[in-house]
Amino acid sequence: LSASKGSAVNAYLASTQALILSLEKAAEAFGVKTEVLEKLAVVKSLKEGNINDKDLEKARKSSEEAQAIIKQKMSETTVPSVESKALMAESMIHLVDAIQKETELIGEVQSLSSQAQAAVSSASPMEMLKVKDIASTALTLVKAVPMDLKLFKDILSAYLMYAKANNIATPSNASNLLKGE
């Protein structure tokens with residue numbers, strides 16, 4: 001159970017890292033990297049020990065604020081440079097990676113949650129604290145992943161519209177990731 005928790009947390013942190021890279025590249029494309037990095041400091045501070053509702057909510061809010069800065073610059077930039085286009089293309093690759101990781105994570109966290117709930121009912125008093133910690137992390141991730149996925153897809157949707165309007169190459173599977181929205 002501990003290994004499953006570690007695996008789910010590491011996968012979550014990997015998807016978050018891909019989001020950070022995406023936002024950094026987009027920020028660089030529009031000359032707002034410093035402002036965006038300030039917002040992303042909270043997201044970058046996430047690690048295995050602080051996967052809880054409060055910290056993940058703060059990180060999501062920071063990501064939204066970072067994206068708002070980028071979105072504002074996108075609306076002001078009607079003719080992106082060649083370099084900006086390349087950075088946006090790279091940003092979308094990282095964002096697609098984040099979405100794929102989060103999508104894979106849904107099943108993993110649901111499984112972890114089920115395992116943890118089953119373990120709670122059969123744990124000895126000595127094991128109970130550890131099992132409850134794992135169950136708490138699983139519950140946090142079960143709630144967080146769908147919200148993160150929605151945010152990631154919203155960002156991708158905005159980037160794809162901008163890319164289409166400005167003739168920027170997009171990852172071949174990017175549009176498919178938004179199907180069913």
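Throughout what follows, the structure given in this document is the object of discussion.

Rules used throughout
- Residues numbered from 1 in each chain as written.
- Predicted model: local features only at pLDDT ≥ 70, side-chain atom pairs only at ≥ 80, totals over all residues.
- Heavy atoms only, no water.
- Helix = DSSP H or I, 4+ residues; strand = E, 2+ residues; numbered from the N terminus.
- Contact = heavy atoms within 4.5 Å.
- Areas by Shrake-Rupley, 256 points an atom, 1.4 Å probe, with all protein chains shown as cover.
- Lys, Arg positive; Asp, Glu negative; His and termini not counted.
- Charge placed at Lys NZ, Arg CZ, Asp CG, Glu CD.
- 1 Å grid on protein atoms, 1.4 Å probe; cavity = no way out; pocket = protein on both sides within 12 Å on 5 of 7 lines; lining within 4 Å.
- Points joined across faces, edges and corners; volume = space filled by probe spheres on them.
- Nonpolar A, V, L, I, M, F, W, Y, C, P; charged D, E, K, R; others polar.
- Salt bridge = Lys/Arg side-chain N within 4 Å of Asp/Glu carboxyl O.
- Axes fitted to C-alpha atoms, helices over the stretch in contact; angles between N-to-C directions.
- Parallel < 35°, antiparallel > 145°, perpendicular 65-115°, else oblique.
- Left-handed = near helix turned anticlockwise from the far one by under 90°.
- Buried < 20%, exposed > 50% of the residue type's maximum accessible area, 1.4 Å probe, protein only.

Attention shifts here to the overall build of the chain. Within the chain, the regular secondary structure consists of 6 helices and 0 strands. Seen in sequence order, the chain has helices and strands lined up from the N terminus as α-α-α-α-α-α. Projected onto the principal axes, the alpha-carbon positions of the chain cover approximately 65 × 30 × 20 Å. Here the analysis covers contacts within the chain between residues at least 6 apart in sequence; of these, 81% occur between residues at least 24 apart. When the accessible surface of the chain is summed, it comes to about 9,200 Å², and 55% of that surface belongs to carbon and sulfur atoms. The centroid of the 21 positive side-chain charges in the chain is displaced by 2 Å from the centroid of its 22 negative side-chain charges.

With that out of the way, let us pick up the layout of surface pockets. The space that makes up the largest pocket amounts to roughly 210 Å³. Lining the largest pocket are Glu64, Gln67, Ala68, Lys71, Met74, Leu151, Asp154, Ile155, Ser157, Ala158, Met161 and Tyr162. Those elements that provide at least two residues to the lining of the largest pocket are α3 (53-76) and α5 (125-165). Of the residues that constitute the lining of the largest pocket, the class distribution is 7 nonpolar, 2 polar and 3 charged.

Bringing the pattern of salt bridges into the picture now. Within the structure shown, the criterion is met by 13 salt bridges. Linking Lys25 and Glu90 is a salt bridge whose minimum nitrogen-to-oxygen distance equals 3.7 Å. Residue Lys25 is located in helix α1 (residues 2-29), and its partner Glu90 is located in helix α4 (residues 82-122); the two are separated by 65 residues in the primary sequence. A salt bridge links Lys58 to Asp55, with the shortest nitrogen-to-oxygen separation between them at 3.9 Å. Of this pair, Lys58 and Asp55 are both found in helix α3, 3 residues apart, which corresponds to roughly one turn of the helix. One salt-bridge network, in which partners are shared between bridges, spans Lys39, Lys61 and Glu65.

Viewed as axis vectors pointing N to C, α4 and α5 meet at an angle of 155°, and their least axial separation amounts to 8 Å. One finds that α4 runs roughly antiparallel with respect to α5. In this structure, α4 meets α5 at a crossing whose hand is left-handed.

Before going further, it helps to spend a moment on the side chain of Ser91. Examined against the element boundaries, Ser91 turns out to sit in helix α4. For Ser91, a relative accessible area of 0% corresponds to the buried category. Aside from chain neighbours lying at most four places away, what touches Ser91 is Ser22, Lys25, Ala26 and Tyr159.

The rolling of a water-molecule-sized probe over the atoms marks out the regions of remaining empty space. For the coordinates displayed, the defined rule picks out 1 cavity of 30 Å³ or more. Lining of the largest cavity is provided by Tyr12, Thr16, Leu19, Val43, Leu46, Leu56, Ala59, Arg60, Ser63, Asp148, Leu151 and Phe152. Sorting the residues of the lining of the largest cavity by element identifies α1, α3 and α5 as the ones contributing at least two each. Considering every element that reaches the lining of the largest cavity, the biggest residue donor is α3, with 4 residues.

That's the geometry; what it means functionally is another story.
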